[in-house]
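One-letter residues, chain by chain:
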Amino acid sequence: MRKLDYEINIEHFQKIKADLVPILFTEHQFKLIKKKFTHKSMTQSEKNEFSRTISKKMKAINKIQEKETNNVFIYGKEKIIEKRLKIAKSDLKKFSRKFKNKHIFISGSFLYKEKYKDIDIFVITKYEKEDYKEGEFHINYLTEDVYSSLFFASIRKLSVSNKIMEIKKIEEKINIDTFISIYQELFNDLDKKHPASKFTLREFLIQAAFISKSPLPDSQELKQQLDSIKKNQNPKEIVKKIFVNSILLGTNPKKSVKEMKEMIDSYQNVIKEYKQHKNYYQDLIQAFEEVIAVAG
Amino acid sequence: MQAEEFKNKVKEILEAEIKFDGHLNQIINNIAEERESSILNWIKECKKGITRPEPCKNYKNLISFIYKSNDNRIREILTKEKNSYFIELFLDKHKYYDRKRKFLGL
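Residues numbered from 1 in each chain as written. Chains lettered and ligands numbered in written order. Predicted model: local features only at pLDDT ≥ 70, side-chain atom pairs only at ≥ 80, totals over all residues.

## Quick look at the overall build of chain A
(1) Moving on: Of the regular secondary structure elements, chain A holds 13 helices and six strands.
(2) Moving on: With the C-alpha coordinates aligned to their principal axes, the bounding extent of chain A is approximately 70 × 50 × 35 Å.
(3) Moving on: Expressed as a percentage of the 296 residues in chain A, the buried residues total 26%. (Helix = DSSP H or I, 4+ residues; strand = E, 2+ residues; numbered from the N terminus. Buried ≥ 20, exposed ≤ 12 C-beta atoms within 10 Å, placed from the backbone.)

Now the structure itself:
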């Protein structure tokens, strides 16, 4: 089936029904649109009607919207510095010309912070490509599967884009296992003071918000959290607290206790062979023990 | 250093006939000598027990050592059987590393 080149937020669509029916669509057409975008099955005559009349109207509306917004869609406007927004719009145009027909958006500290390192330009492509720097611009390539990721759900909250950035269902598999993994990786990075620890910390914080069913942070909120953790004398202690709280708030207590017990057992086994790292492992599993103490 | 020479050095350090996984040939043939020696030093540290392993959740009999280059582009996973020999060296870019981590339960 051919992919539609427009999308609809069905909740919003329902809310504005009175503005649309009967001015733009008939009651019957409105029902068909709802059917289409909630992926319900349609008869052949309904499909024909959809493509013959509704789809054409929708495309036309989309074109008007693009024209009116000049192909610039702004998210989190209240947090963006006004003069930066002007620059971002012009940069977006420049890069939209360079990467023809590609979805491009700008995000990061350039939008909300007086001092910034570089301007992050994100380009959505079919295939993976290496990032590169071009003057003060950092070109980041992302593949299309990013649309259903936690990263995208977070970054879209504060960005300037040449296309509408719809909220999509998160299809990236995030659960207690992935959260334990990222906790282990982060703990190791922080212990080694690895230069890439900021990337791991960012991923950890986004997963923590998702696991604890809290709103996902936008890039400014994420940066503030990152800075305050990194400034702290003992960032590992804060990370442990975030881990424990997120697990307690967002996961099934029985399941989490079982998982934590398994992790402790695994580490106890490793300690038997690698006694020289006992202190590190005990520090790491303290968070698992705290979860058991509270949830168990 | 060519990939085959690199693999032989790794086997020599670990004193084991290990397997190799990931786009190792491609990466080794395209990285600077300095980076190669940093990877080999890390493998020596794994062998000596200086580097810390993590348990593999999906394979209870395995433990893994994880390496991240400073620029975060190259990742490695060296797998070992608990209280026994080294099994496999995985070397690749971030995306494939994530898949391998999930597979092992790291």
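## Points about the sheet that holds strand 1 (residues 19-21) of chain B
(1) Moving on: Spatial ordering of the open sheet is given by 1-5-4-3-2 (chain B), a layout of five strands whose pairing is mixed. Looking at the sheet topology across the chains shown, the edges are occupied by strand 1 and strand 2 (53-55) of chain B. Ignoring which end each strand starts from, the neighbouring axes of this sheet average 25° apart.
(2) Moving on: Both strand 1 of chain B and strand 5 (residues 86-93) of chain B contribute to a ladder of three bridges, which runs parallel. In the sheet register, B:Lys19 faces strand 5 of chain B, and the bridge partner there is B:Glu88.
(3) Moving on: Of the strands in this sheet, strand 2 and strand 3 (62-68) of chain B are in contact with helix 12 (residues 253-273) of chain A, which crosses strand 2 of chain B at around 145°.
(4) Moving on: Here helix 4 (residues 94-104) of chain B sits on the sheet in contact with strand 3, strand 4 (74-81) and strand 5 of chain B, set at roughly 145° to strand 5 of chain B. (Pairing = 2+ DSSP bridges. Axes fitted to C-alpha atoms, helices over the stretch in contact; angles between N-to-C directions. Contact = placed C-beta atoms within 7 Å.)

## A word on the domain arrangement of chain A
All names here are of chain A.
(1) Moving on: Segmentation of chain A into domains returns domain 1 (10-69), domain 2 (73-161) and domain 3 (176-295).
(2) Moving on: A separation of 29 Å is found between the C-alpha centroids of domain 2 and domain 3.
(3) Moving on: Tallying the contact residues gives 13 residues for domain 2 and 10 residues for domain 3.
(4) Moving on: Sort the elements by how many residues they give to the side of domain 2 that touches domain 3 and helix 7 (residues 150-155) lands first, with five residues.
(5) Moving on: Each residue belonging to the side of domain 2 that touches domain 3 can be placed in one class, and the counts come to six nonpolar, five polar and two charged. (Domains from an automatic or database assignment. Nonpolar A, V, L, I, M, F, W, Y, C, P; charged D, E, K, R; others polar.)

## Description of the pairing of strand 4 of chain B
All names here are of chain B.
(1) Moving on: For strand 4, a buried count of seven out of eight residues is recorded, marking the element as mostly surrounded by other parts of the structure.
(2) Moving on: Linking strand 3 to strand 4, which pair antiparallel, is a turn of five residues; within it Asn-72 sits at a positive phi near 70°.
(3) Moving on: As defined by bridge partners, strand 4 adjoins strand 5 across seven bridges and the pair is classed as antiparallel. When the bridges of strand 5 are listed, Ile-77 appears paired with Phe-90.
(4) Moving on: Hairpin remark: strand 4 followed by strand 5, antiparallel, with four residues in the connecting loop; positive phi at Asn-83, about 55°.

## Some thoughts on the sheet that holds strand 3 (residues 119-125) of chain A
Residues and elements named next belong to chain A.
(1) Moving on: With mixed pairing, the six strands of this open sheet are ordered in space as 1-6-2-3-5-4. Both outer strands of the open sheet, strand 1 (73-75) and strand 4 (132-134), are each paired with one neighbouring strand and no more. Between one strand axis and the next, the sheet turns through 25° on average, direction left out of account.
(2) Moving on: Sheet analysis places strand 4 next to strand 5 (residues 137-143), joined by three bridges and oriented antiparallel. In the sheet register, Tyr-132 faces strand 5, and the bridge partner there is Ile-139.
(3) Moving on: Sheet strands touched by helix 5 (residues 82-98): strand 1, strand 2 (104-107), strand 3 and strand 6 (159-161). Its angle to strand 2, the strand with the most contacts, is close to 150°.

## Observations regarding unusual backbone geometry
(1) Moving on: A cis geometry characterises the amide bond from A:Val21 onward to A:Pro22, with omega recorded as 10°.
(2) Moving on: With respect to the helices, strands and loops of the structure, A:Pro22 is situated in the loop between helix 2 (17-20) and helix 3 (27-37).
(3) Moving on: Phi angles above zero are rare outside glycine, and B:Glu15 is one such case at about 55°.
(4) Moving on: Relative to the assigned elements, B:Glu15 resides in the loop between helix 1 (3-14) and strand 1.

## Focus on the environment of A:Lys15
Residue and element names in this part refer to chain A.
(1) Moving on: With respect to the helices, strands and loops of the structure, Lys-15 is situated in helix 1 (residues 10-15).
(2) Moving on: The class of Lys-15 is exposed, set by 10 C-beta atoms lying within 10 Å.
(3) Moving on: For the pair Lys-15 and His-138, spaced 123 residues apart in sequence, the C-alpha to C-alpha distance is 39 Å.

## Quick look at the interface of chain A and chain B
(1) Moving on: Contacts between the two partners involve 16 residues from chain A and, on the opposite side, 15 residues from chain B.
(2) Moving on: Those elements that provide at least two residues to the side of chain A that touches chain B are helix 8 (176-192) and helix 12 of chain A.
(3) Moving on: It is helix 12 of chain A that contributes the most residues to the side of chain A that touches chain B, five residues altogether.
(4) Moving on: Here the side of chain A that touches chain B is built from residues that sort into seven nonpolar, seven polar and two charged.

## Observations concerning the nonpolar core
(1) Moving on: If you look at the biggest cluster of nonpolar residues, it comprises 33 residues, and the most contacted ones within it are A:Tyr183, A:Leu186, A:Phe204, A:Leu205 and A:Phe243.
(2) Moving on: Secondary structure elements with two or more residues in this core: helix 7, helix 8, helix 9 (197-211), helix 10 (219-231), helix 11 (235-250), helix 12 and helix 13 (278-295) of chain A.
(3) Moving on: In terms of residues, this core owes the most to one element, helix 9 of chain A, which gives eight residues.
(4) Moving on: Taken domain by domain, the makeup of this core includes at least three residues from each of domain 2 (73-161) and domain 3 (176-295) of chain A.
(5) Moving on: Apart from residues no more than four positions distant in its own chain, A:Phe243 is found in contact with A:Tyr183 and A:Ala287.
(6) Moving on: One finds B:Phe6, B:Ile66, B:Tyr67 and B:Phe90 within the second-largest nonpolar core, a separate group that totals 17 residues. (Core = buried A, V, L, I, M, F, W, Y, C linked by C-beta atoms within 7 Å.)

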